[in-house]
Amino acid sequence: MKDSQPGSHREIKKTQMMVYEMKVQDVMTREVITVRPDQPMSSLREVLRHNRISGLPVVLENRLVGLISLDDFIGWLAEQQKDCLVTERMSQKLEIMYDDDPLVVAIGKLDRTGMGRLPVVDRQSKALVGILTKGDVIRGLLRKLEIDYEEERLRHHYAGQILKEIQADQTALFFQYNVPGQDFKRAGTGSSRLKRTLKSLGVRPDIVRRIAIASYEAEMNLVVFTPGGKISARVQPDRIVLEVKDGGPGIENVDEAMQPGYSTAPEWVRELGFGAGMGLPNIKKSSDGFEISSQPGKGTRLKASFLLREQRDEAE
Amino acid sequence: MKLSDIVEKLDLEVRAAKGRLDTDVTGVYASDLLSDVMAHAREGNVWLTLQSHQNVIAVAVMKDLAGIILVGGREPLAETVQKAEAEGIPVLVSSLPTYELSVRLHQQGLGGTFDNDKKSGTG
Ligand SMILES: Nc1ncnc2c1ncn2[C@@H]1O[C@H](COP(=O)(O)OP(=O)(O)OP(=O)(O)O)[C@@H](O)[C@H]1O
Ligand SMILES: [Mg+2]
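None of these values were measured; they are calculated from a predicted model.

Thoughts on the nonpolar core
Ranked by size, the top nonpolar core spans 66 residues in total, and within it Leu-198, Val-203, Tyr-216 and Val-235 of chain A carry the most contacts. If we ignore the near neighbours within four places in the chain, the residues touching Val-235 of chain A are Leu-163, Ile-166, Thr-171, Ala-172, Leu-173, Phe-175, Leu-198, Leu-201 and Ile-240 of chain A. With 18 residues, the next largest nonpolar core counts Leu-10, Leu-21, Val-71 and Leu-105 of chain B among its residues.

Some words on the packing of aromatic side chains
Pairs of aromatic rings are described using the distance from one ring centre to the other and the angle between the two planes. Residues and elements named next belong to chain A. On inspection of all chains with the given rule, the structure shows 3 aromatic pairs over all chains. When the centroid spacing of 5.3 Å and the interplanar angle of 65° are considered together, the rings of Phe-184 and Trp-268 count as edge-to-face. Here the residue Phe-184 occupies a position in the loop between β7 (172–180) and α10 (189–201), and Trp-268 occupies one in helix α13 (residues 267–271), the gap between them amounting to 84 residues. The class of Phe-184 is buried, set by a relative accessible area of 11%. Given the relative accessible area of 48%, Trp-268 is considered partly exposed. Judged by centre distance (5.9 Å) and plane angle (55°), the rings of Phe-184 and Phe-274 are tilted. In this pair, Phe-184 sits in the loop between β7 and α10 while Phe-274 sits in the loop between α13 and α14 (279–286), placing the two residues 90 residues apart along the sequence. Clustering of aromatic rings is evident, with ring pairs tying together Phe-184, Trp-268 and Phe-274.

A closer look at the confidence of the model for chain A
Residue and element names in this part refer to chain A. Residues of chain A with pLDDT of at least 70 account for 89%, and the chain-wide mean is 85. Looking at the elements of chain A, mean pLDDT is at its lowest for strand β1 (residues 11–12), recorded as 48, and at its highest for α14, recorded as 98. With pLDDT under 50 throughout, residues 1–12 is counted as low confidence; its partners more than four residues away or in other chains account for 28 contacts.

Structural notes on the pattern of salt bridges
Residue and element names in this part refer to chain A. On inspection of all chains with the given rule, the structure shows 19 salt bridges over all chains. Its salt-bridge partner being Asp-101, residue Arg-123 comes within 3.1 Å of it at the nearest N-O pair. In this pair, Arg-123 sits in the loop between β5 (117–121) and β6 (128–133) while Asp-101 sits in the loop between β4 (97–98) and α6 (103–113), placing the two residues 22 residues apart along the sequence. Overall, the relative accessible area of 32% leaves Arg-123 in the partly exposed class. Among the salt bridges present, the one from Asp-206 reaches Arg-204, with a minimum N-O distance of 2.9 Å.

Points about the sheet that holds strand β5 (residues 91–93) of chain B
Residues and elements named next belong to chain B. Spatial strand order, β1-β5-β4-β3-β2: 5 strands in an open sheet with mixed pairing. Lying at the two open borders of the sheet, with one neighbouring strand each, are β1 (13–16) and β2 (27–30). Pairwise comparison of adjacent strand axes, ignoring direction, gives a mean angle of 30° for this sheet. One ladder, built from 3 bridges, connects β1 with β5; its direction is antiparallel.

Let's talk about the site of ligand 1
Not every one of the 22 residues close to ligand 1 is listed here, only the nearest: Ser-263, Thr-264, Gly-275 and Leu-280 of chain A together with Ser-35 of chain B. Positioned at a junction of chains, ligand 1 has nearby residues supplied by chains A and B. Ala-276 of chain A has a polar backbone atom sitting 3.1 Å from an oxygen atom of ligand 1. In the complex, 94% of the free accessible area of ligand 1, which totals 590 Å², lies under the protein chains. Those elements that place two or more of their residues in the shell around ligand 1 are α11 (205–225) and α14 of chain A.

What counts, and at which threshold
Residues numbered from 1 in each chain as written. Chains lettered and ligands numbered in written order. Predicted model: local features only at pLDDT ≥ 70, side-chain atom pairs only at ≥ 80, totals over all residues. Heavy atoms only, no water. Core = buried A, V, L, I, M, F, W, Y, C linked by side-chain atoms within 4.5 Å. Buried < 20%, exposed > 50% of the residue type's maximum accessible area, 1.4 Å probe, protein only. Contact = heavy atoms within 4.5 Å. Phe/Tyr/Trp six-rings, centres within 6.5 Å; stacked < 30°, edge-to-face > 60°. Helix = DSSP H or I, 4+ residues; strand = E, 2+ residues; numbered from the N terminus. pLDDT = per-residue confidence, 0-100. Salt bridge = Lys/Arg side-chain N within 4 Å of Asp/Glu carboxyl O. Pairing = 2+ DSSP bridges. Axes fitted to C-alpha atoms, helices over the stretch in contact; angles between N-to-C directions. Near = heavy atom within 4 Å. Polar contact = N/O pair within 3.5 Å; in protein donor to acceptor, adjacent residues only side chain to side chain. Areas by Shrake-Rupley, 256 points an atom, 1.4 Å probe, with all protein chains shown as cover.

Spelled out as structure tokens, the structure:
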């Protein structure tokens with residue numbers, strides 16, 4: 001079976017995708033406290049103390065002309081000079097962001113400059129439109145994740161666009177879930193999350209259900225037979241590839257394990273209704289391509305692929 | 001036929017997800033082996049089982065089942081109820097054994113998954 005085409009697509013994780021898609025203006029704080037360059041330094045005491053902030057943009061007629069920090073203010077205090085204007089102490093070497101810069105640029109800049117806050121200006125008019133802190137970035141990302149989750153629940157048709165975009169861009173999305181072994185209480189969590197995600201991406205319901213079967217059976221095998229493992233799904237333009245790996249005991253004879261009815265599940269597990277020996281055959285039957293390899297003492301790895309344009313009868 | 005009609009006609013008691021009974025039931029599947037249900041139950045089926053532990057909920061979620069009926073007077077474990085509420089999977093209980101319950105469901109016009117492939121109009 002040939003089911004991967006190396007190099008023909010990029011892999012992006014969801015949060016990575018978000019920092020490229022979201023703009024500074026989506027997360028920045030818009031209410032900015034500013035000072036004028038012709039204000040006396042002594043007047044900053046109240047502003048800084050009252051707002052508990054470490055720096056202020058200096059603005060003249062909407063344009064950003066400098067930045068005055070708490071350090072600048074303390075420096076001025078320490079020198080015990082007589083009062084002077086903000087413009088004489090402010091720093092004019094400005095690190096700024098544009099409001100339409102992608103978030104990934106802002107994160108890089110916050111990191112590189114070590115600045116706590118960066119003023120945001122409009123690219124055309126150069127007017128100050130906001131301020132950006134690391135906190136804003138984190139809050140913005142969290143809010144977006146939350147909104148995405150809501151949309152997943154409420155607006156499938158909207159999220160359904162994503163799959164079309166993946167298909168148009170020849171990109172791929174990658175999801176991964178850790179499955180702890182022997183944990184029957186949480187068993188199935190990874191597969192339910194995967195199922196919800198695929199549904200929200202707009203994958204056809206019958207295909208989602210076939211992937212759910214395969215993923216659940218593989219997850220249960222991780223829970224029952226191994227100390228744990230990983231389930232991953234790669235959504236490619238034409239197919240979804242499910243991969244399940246573990247570092248468990250491995251399977252002595254894979255052909256035998258693939259036989260319907262073959263099971264080494266212990267008695268107490270059978271009492272829970274597992275151990276019919278149908279899991280691996282189910283995975284094979286529900287997928288359009290199936291590979292399994294195992295090394296006794298090392299672990300097991302299986303790969304099942306699902307063609308997105310395939311029509312098949314669920315009943316067979 | 002709605003799940004709420006079945007609850008009423010067969011005198012079932014609802015143990016979880018009371019608010020989710022307004023769904024259409026497409027048929028019935030009865031089994032106590034989870035991977036058998038994974039293989040053969042259909043979307044919208046009601047599932048008859050004597051397994052009362054929480055893993056049945058994951059199976060119902062994965063297969064988009066309409067609900068679970070615990071047979072023979074079995075009661076769901078506390079974790080099962082909790083998970084069922086969280087996932088919105090109705091858990092119903094009946095004192096009847098699987099066969100008697102199946103017969104009554106059939107009398108209500110519900111079919112299984114096997115017959116349904118050949119003749120339609122049963123559900
Ligand atoms: N990840 C694994 N690591 C080690 N052994 C495995 C693994 N997966 C399956 N096996 C072996 O293969 C056998 C068959 O697996 P299969 O999933 O088909 O049936 P089962 O898990 O025993 O029962 P069922 O899936 O019907 O509940 C298992 O009983 C076990 O011996
Ligand atoms: Mg199994």
